Amino acid sequence: MASVRSWFLRHWQMLLAVAFSLAFIVVNGLCLSKDIYYVSYVPMALLVLFFFVVKIEYVWLSMALLTPFAINVALFPQMELSMPVEPMMIVFTAMFIFRTMLSRGYDKRILRHPVSIAVMVSIAWMLITSAFSELPWVSFKYTLARLWFVVPFFFAAAQLFRNQQRIKQFFWCYAIGLIAVILIATIKTLSNFSDLQTMHHVMSPFYNDHTAYGCAIALMLPAAFYMLFADKGRPVARLLAVAMFGLLAMGLFFSYCRAAWVSVAAVIGMYVLIRMGVKLKWMALMAALAVGLFFAYQGDILYKMGKNHQDSSYDVADQVKSISNIATDASNLERLNRWASAFRLWQEHPVMGCGPGTYQFLYASYQRSYQLSTISTNAGNLGNAHSEYIGPLTEQGVVGVAIVVAVFCLTFVTGVRVYRTARDRGVANMALAFTLSLLTYYIHGFFNNFLDTDKLSVPFWGFTAVIVALDLYSEKKQPADDKQQEAQQP
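Residues numbered from 1 in each chain as written. Predicted model: local features only at pLDDT ≥ 70, side-chain atom pairs only at ≥ 80, totals over all residues. Heavy atoms only, no water.

Participant: How would you summarise the overall build of the protein chain if you had to cite specific residues and measurements?
Facilitator: Check the secondary structure of the protein chain and you find 22 helices and 2 strands. The buried share of the protein chain, reckoned over its 490 residues, is 44%. Long-range contacts, defined as pairs at least 24 residues apart, comprise 72% of the intrachain contacts of the protein chain with a sequence gap of at least 6. Accessible area of the protein chain: about 24,800 Å², with a carbon and sulfur share of 69%. (Helix = DSSP H or I, 4+ residues; strand = E, 2+ residues; numbered from the N terminus. Buried < 20%, exposed > 50% of the residue type's maximum accessible area, 1.4 Å probe, protein only. Contact = heavy atoms within 4.5 Å. Areas by Shrake-Rupley, 256 points an atom, 1.4 Å probe, with all protein chains shown as cover.)

Participant: How would you sum up the nonpolar core? Please name residues and give values.
Facilitator: Core analysis: the biggest nonpolar cluster contains 116 residues, and Phe171, Tyr207, Phe434 and Trp461 have the highest contact counts within it. For this core, the element with the most residues is helix H11 (residues 210–230), which contributes 14 residues. Counting 8 residues, the second-largest nonpolar core is a separate cluster that includes Leu345, Tyr366, Ala385 and Ile390. (Core = buried A, V, L, I, M, F, W, Y, C linked by side-chain atoms within 4.5 Å.)

Participant: Can you explain the pattern of salt bridges? Please cite residues and give values.
Facilitator: All told, the structure shown has 7 salt bridges when counted by the stated rule. Between Arg417 and Asp471 there is a salt bridge whose closest N-O contact spans 2.8 Å. Linking Arg417 in helix H19 (residues 390–421) with Asp471 in helix H21 (residues 454–473), this pair joins segments that are 54 residues apart in sequence. Through salt bridges that share partners, Asp107, Arg109 and Arg162 make up one connected network. (Salt bridge = Lys/Arg side-chain N within 4 Å of Asp/Glu carboxyl O.)

Participant: I'd like a description of the packing of aromatic side chains, backed by residues and values.
Facilitator: Using the criterion set out here, one finds 27 aromatic pairs in the structure. Ring pairing ties together the aromatic residues Phe154, Phe155, Tyr389, Phe408, Tyr441, Tyr442, Phe446, Phe460 and Trp461, which thus form one cluster. If you follow Lys455 out to its NZ or CZ, it ends over the ring of Tyr207, 5.0 Å from the centre. (Phe/Tyr/Trp six-rings, centres within 6.5 Å; stacked < 30°, edge-to-face > 60°. Lys NZ or Arg CZ within 6 Å of the ring centre and 35° of its normal.)

Participant: Tell me about helix H7 (residues 114–131), residues and numbers included.
Facilitator: For H7, built from 18 residues, the straight-helix expectation of 26 Å at 1.5 Å per residue is met to within 8% by its first-to-last C-alpha distance of 26 Å. For H7, every residue scored as buried is listed here: Val115, Ser116, Ala118, Val119, Ser122, Ile123, Trp125, Met126, Thr129 and Ser130. On its buried face, H7 is in contact with helix H6 (108–112), helix H8 (136–160), H19 and H21. (Expected span 1.5 Å × (residues − 1).)

Participant: Can you lay out helix H13 (residues 258–275) for me, pointing to particular residues and giving the numbers?
Facilitator: Residue pairs spaced three or four apart in an α-helix point in one direction, given the helix's 3.6 residues per turn. The terminal C-alpha atoms of H13, which comprises 18 residues, lie 26 Å apart, in line with the 26 Å expected from a rise of 1.5 Å per residue. Listing the buried residues of H13 in full gives Arg258, Ala259, Ala260, Trp261, Ser263, Val264, Val267, Met270 and Ile274. Count one or two residues on from H13 and you reach Gly277, which has phi positive near 85 degrees.

Participant: Can you explain the environment of Gln164? Please cite residues and give values.
Facilitator: Here Gln164 lies in helix H9 (residues 164–190). Sequence spacing of Gln164 and Ser474 is 310 residues, and the spatial spacing of their C-alpha atoms is 9.7 Å. Ignoring sequence-local partners within four residues, the contact set of Gln164 consists of Val427 and Leu470.

Participant: Describe a nonpolar patch on the surface, listing the residues and the values that go with them.
Facilitator: The grouping of Ile268, Tyr271, Val272 and Met276 at the surface amounts to a nonpolar patch, some 390 Å² of accessible area in total. Mapped onto the elements of the fold, Val272 is located in helix H13. (Patch = residues over 30% accessible without salt bridge, like charges linked within 9 Å, V, L, I, M, F, W, Y side chains within 5 Å.)

Participant: Lay out unusual backbone geometry with the relevant residues and their values.
Facilitator: Omega for the peptide link from Met83 to Pro84 comes to 5 degrees, which places this bond in the cis form. Along the chain, the position of Pro84 falls in the loop between strand S2 (79–83) and helix H5 (85–103). Of note, the phi angle at His386 is positive, near 60 degrees, even though the residue is not glycine. If you trace the backbone, His386 turns up in the loop between helix H18 (359–362) and H19.

Participant: Pulling in residues and values, what's your account of the side chain of Thr129?
Facilitator: Within the element layout of this structure, Thr129 appears in helix H7. Relative accessible area serves as the criterion here: at 0%, Thr129 is assigned to the buried category. Polar side-chain contacts of Thr129 include one of 3.1 Å to the backbone oxygen of Met126. Setting aside its immediate chain neighbours within four residues, Thr129 contacts Met352, Gly355, Pro356 and Gln396. (Polar contact = N/O pair within 3.5 Å; in protein donor to acceptor, adjacent residues only side chain to side chain.)

Participant: Quick rundown of the state of the cysteines? Include the residues and the values.
Facilitator: Applying the stated criterion across every chain yields a total of 0 disulfides. As a non-bridged cysteine, Cys215 has Cys257 as the owner of its nearest cysteine sulfur, 7.1 Å distant. (Disulfide = S-S within 2.5 Å.)

Participant: Describe the packing of H11 against H21, listing the residues and the values that go with them.
Facilitator: Put simply, H11 and H21 touch, their axes get as near as 10 Å, and they point 25 degrees apart. Between H11 and H21, the angle is such that the two are roughly parallel. In this structure, the crossing between H11 and H21 has a hand that is left-handed. Across from Ala212, Cys215, Ala216, Leu219 and Met220 in H11, the residues of H21 making contact are Leu456, Pro459, Phe460 and Phe463. Residue composition of the contact of H11 with H21, by class: 9 nonpolar, no polar and no charged. (Axes fitted to C-alpha atoms, helices over the stretch in contact; angles between N-to-C directions. Parallel < 35°, antiparallel > 145°, perpendicular 65-115°, else oblique. Left-handed = near helix turned anticlockwise from the far one by under 90°. Nonpolar A, V, L, I, M, F, W, Y, C, P; charged D, E, K, R; others polar.)

Participant: Tell me about the packing of H9 against helix H12 (residues 235–255), and name the residues and values.
Facilitator: Put simply, H9 and H12 touch, their axes get as near as 9 Å, and they point 50 degrees apart. Considered as vectors, H9 and H12 are oriented oblique to each other. H12 is crossed by H9, and the crossing has left-handed handedness. Facing H9, whose interface residues are Phe171, Trp172, Ala175, Leu178, Ile179, Ile182, Leu183, Thr186, Thr189 and Leu190, H12 presents Leu240, Ala241, Met244, Leu247, Leu248, Met250, Gly251 and Phe254. Counted by class, the contact of H9 with H12 contains 15 nonpolar, 3 polar and no charged residues.

See the structure below:
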């Protein structure tokens, strides 16, 4: 009798699990007999809940892995969620905030970092402008969505990235999902190679069109290049990195996204400047000079561009030529139409804007017949202002776009500073790689904006968190180290 009792004491957990399993089988069988199917999802829900409570970092990595496969589903009238990742992000955000408040273990240095302050100010300003929005319900939903993108992949990620292995794990999780989409899209592309319009949508339903798809690939490429040399002592890992980089490059080529091509080319030039040791103030001066020259000679430039009649084509050379075609190319004409409409809308709301997320519902009446393209619409169903700078200007006023520029500039400056001051060469190279990855988005942002989607928000905010984490947790060189290096140079 004592042996039986001791056996029960040793195996009570297993017996309890068996009892619960049998009870579930009985209850589920009764429910299925009455056409009630939701009970079948209880085990999966409990498993997910277990990971949220015990291993929340696994949930975080799984969200990065699943994001490229996520599909928009209309769960409620006039409300779509990217399934399955956005519900996971919502729960993760709530759990992370609750656990942080309970444990008080969050590193306050992250909150005091200039990039973090700028991000928090951007969310606060979005909330303020939502209160004055033309469509408040739309704006508050838009702001909430930004919150559940930023909390998991910036504020939570910055602390997780204290361990640099987490940075590589995060990168690989998103990259694996994206590469799977690239393989599917490339196979579909090769079977429709002469039909450009079909090629622009072969990445559906995972990415809406080739612009978001190309932008995501361009964002990954500089960091993927770093991964080629990150594991020199592990031949298998290096072989996988080579394969990944090759597939990303192939995906970028077949995306036929001109803005993505331009952003990668520009980043290569910036890489050369940084490696040459050009100071940030000179880079800023060159950028300001380029903008000034454009406005000084904009008449001549626009006249030349107006003479270009090369439309988009599956021929690469013609596709490159069509970048400057503002005479007949429907995509370019529509982008100019959206920008002009955005400025007219902004003139009516210069300080507070029309409200976050509202542009696509309001711009139709601000279009002009002489600027319409063959793909123009009044339905507001073909995207937003097509600019990460003009969009916030219209929706959040002058302050809104100033905050966006501040976030971008502070992140870039921090990344370059870490590259130049990190004692460990591997950390320096990682900082440079992820900074250049983000720069592809900053440049692409002149032509499109995707931070209202999970597809680009996950890697964008994750890479921004990488820069903050490397700045906070990496060892810096001392001035004496710099003098010693200069003395050793021939």
